[in-house]
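# Per-entry structural report
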Amino acid sequence: MPEKKIRVAIVGLGFGAEFIPIFQAHPSAEMYAICRRSQAELDKCGDRFGIKVRYTSFADLVKDPNVDAVHINSPIPDHAPQALAALKAGKHVACTVPMATSADECQQIVEQQRKTGKVYMMMETVVYAREYLFAKELYDKGELGRIQFLRGSHQQDMDGWPDYWPGLPPMHYATHCVSPCLAILSKPGKPALAESVVCHGSGRIREDLIKRYNSPFAIETATFKVAGSDVVAEVTRSLFDTARQYRESFDVTGSKKSFEWQQVEDEQPVIHTKSSPEKPLSEKDIPKRVKVPDFAHLLPEPIRRFTMPAAIQDAEHLSFLQGGGHGGSHPHLAHNFLMACLGEQPAFPDAPTSANWTLVGICAHQSALKGGERVSIPRM
Ligand SMILES: NC(=O)c1ccc[n+]([C@@H]2O[C@H](COP(=O)([O-])OP(=O)(O)OC[C@H]3O[C@@H](n4cnc5c(N)ncnc54)[C@H](O)[C@@H]3O)[C@@H](O)[C@H]2O)c1
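Residues numbered from 1 in each chain as written. Predicted model: local features only at pLDDT ≥ 70, side-chain atom pairs only at ≥ 80, totals over all residues.

## Describing the overall build of the protein chain
When its secondary structure is counted, the protein chain shows 11 helices and 15 strands. On C-alpha atoms alone, the protein chain measures out to a radius of gyration of 21 Å, which is about the 21 Å that the 2.2 N^0.38 rule sets for 380 residues. Once the C-alpha set of the protein chain is aligned to its principal axes, its extents read approximately 65 × 50 × 40 Å. In the protein chain, buried positions account for 48% of the 380 residues. Counting only contacts in the protein chain whose residues sit at least 6 apart along the sequence, the fraction spanning at least 24 positions is 67%. (Helix = DSSP H or I, 4+ residues; strand = E, 2+ residues; numbered from the N terminus. Rg over C-alpha atoms; globule rule 2.2 N^0.38 Å. Buried ≥ 20, exposed ≤ 12 C-beta atoms within 10 Å, placed from the backbone. Contact = placed C-beta atoms within 7 Å.)

So this is what it looks like as structure tokens:
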């Protein structure tokens, strides 16, 4: 482990606060500063975690020469402007999903990252969740055989969430279901990228929700082509007026085995094995539930415990943990980002890959508005 410590500042202290104890425990980080607009809430968080450097203004934070890296967890419309400002100020940037809300913003971030040579990483939780890491390991070991099809689904009821959510086009927040489909086909230094997308909008949300983004669809469902591959992936999103328990799920259909993540929360995933003349299987023996192991061994010892959401809550007295800690992904994200800042390994996803994952959703929504026309995904 390199001796240098990256001085991290976290912006946005709802979801963002969950990363504070992880950066505090990581041997390569100094959890240096926090930022949110409300002074009272900022102080409450700073006092709880013993962080002295506090900013209510993002503009002031990025002027602080002691900050090496900014981890952005503010509302969606702020992601791109804050990422650009931080890169321009010479900071490394980790940003929660999505990268941006338009192709133009994605392009600007990719260009700014290239110009400055600083790290940009979109902090996509799914590609570090234990279920994804398990499926990836199965594929890389050859157990799934050839990938024939991929399917991601992210359904969430966002009624009652902060004011940037109501009416948001479902595909404008699609990275949780898009990213595993592309990440599993990626190799180190060679990310699989989406080439074009076809999307249909289905159903209709309440009239008062439609007005905000001029988007009527209850569900958006898209298929996208992976460049240089014969694999097609399908993703489905819903945010409002749809009866469905929270689902963040990812299925890989292989020629030898298939992995299906989730039907109902907390059910174990299923592996389907293809029957063959050498190893015939009855229909009832084809699917088997599987207990997914933890991948904490990939992490430095002091942050391994953070793969277990209960441990974080107990130790840090957090009153809530969004998404149950997202499959133990948070410490993996923090570690990958820090190692990228130290030049030890590339960020995954890096800026162009983050842009591609985000653009699948942005272009999918454009396709849905055009009645399902194919839309090419700009290469950045
Ligand atoms: N699985 C995941 O990857 C995942 C899970 C949850 C949330 N998120 C993302 O995290 C972000 C935050 O989610 P949340 O639920 O905590 O939202 P929230 O609206 O509850 O909190 C946003 C935080 O940002 C602060 N903030 C707002 N504007 C700011 C500004 N201009 N400068 C500095 N701070 C500012 C607020 O004070 C607050 O602390 C969202 O963009 C969401 O998409 C991602």
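Once you've had a look at it, read on.
## Focus: the domain arrangement of the protein chain
Each assigned domain of the protein chain is listed here: domain 1 (6-125 + 299-350) and domain 2 (127-295 + 359-376). Taking only C-alpha atoms, the centre of domain 1 and the centre of domain 2 are 25 Å apart. Domain 1 puts 19 residues into the contact, and the matching count from domain 2 is 16 residues. Those elements that place two or more of their residues in the side of domain 1 that touches domain 2 are helix H4 (76-88), helix H5 (103-116) and helix H10 (329-341). Here the element with the most residues in the side of domain 1 that touches domain 2 is H10; it accounts for three residues. (Domains from an automatic or database assignment.)

## With respect to unusual backbone geometry
The omega angle of the peptide bond from Val-97 to Pro-98 is -10°, so this bond is cis rather than trans. Among the structural elements, Pro-98 can be located in the loop between strand E5 (92-95) and H5. Residue Pro-349 is bonded to the preceding Phe-348 through a cis peptide linkage, with omega at 0°. Relative to the helices and strands, Pro-349 is located in the loop between H10 and helix H11 (351-369). The residue Asp-241 is not glycine, and still its phi comes out positive at about 55°.

## A closer look at the site of the ligand
What surrounds the ligand is a group of 22 residues, the closest being Gly-12, Gly-14, Phe-15, Arg-36 and Thr-125. Among the residues making up the shell around the ligand, the classes are represented as nine nonpolar, 10 polar and three charged. (Near = placed C-beta within 6 Å. Nonpolar A, V, L, I, M, F, W, Y, C, P; charged D, E, K, R; others polar.)

## A closer look at the sheet that holds E5
Strand order in the open sheet made by the six strands is E3-E2-E1-E4-E5-E6, with parallel pairing throughout. Looking at which strands have only one partner, the edges of the open sheet turn out to be strand E3 (53-55) and strand E6 (120-122). Neighbour to neighbour, the strand axes of the sheet diverge by 20° on average, direction disregarded. Sheet topology places strand E1 (residues 6-11) next to strand E4 (residues 69-72); four bridges connect them, and they run parallel. Bridge pairing links Val-11 to Ile-72 in E4. (Pairing = 2+ DSSP bridges. Axes fitted to C-alpha atoms, helices over the stretch in contact; angles between N-to-C directions.)

## Examining the nonpolar core
The biggest cluster of nonpolar side chains holds 112 residues, and the ones touching the most others in it are Ala-9, Val-93, Val-197 and Val-360. Broken down by element, the residue count for this core peaks at nine residues, all from H11. When residues are assigned to domains, this core turns out to be shared by domain 1 (6-125 + 299-350) and domain 2 (127-295 + 359-376), each giving three or more. Here Val-93 is in contact with Val-70, Ile-72, Ala-83, Ala-86, Leu-87, Lys-118, Val-119 and Tyr-120, once residues within four sequence places are set aside. (Core = buried A, V, L, I, M, F, W, Y, C linked by C-beta atoms within 7 Å.)

## Regarding the environment of Ala-103
In this fold, Ala-103 is placed in helix H5. The partly exposed category is assigned to Ala-103, around which 17 C-beta atoms lie within 10 Å. Ala-103 sits 260 residues away from Cys-363 along the chain, and the two C-alpha atoms are 8.4 Å apart. Here Ala-103 is in contact with Leu-359, Ile-362 and Pro-378, once residues within four sequence places are set aside.

## A closer look at the pairing of strand E12 (residues 257-260)
Relative to E12, strand E11 (residues 247-254) runs antiparallel, the two being bridged by two bridges. Each bridged residue has a counterpart across the sheet, and for Asp-251 the counterpart in E12 is Glu-260. Taking the residues between adjacent antiparallel strands as the criterion, E11 and E12 are bridged by two residues. With four bridges connecting them, E12 and strand E13 (residues 270-273) associate as antiparallel partners. For Lys-257, the partnering residue across the bridge sits in E13 and is Thr-273.

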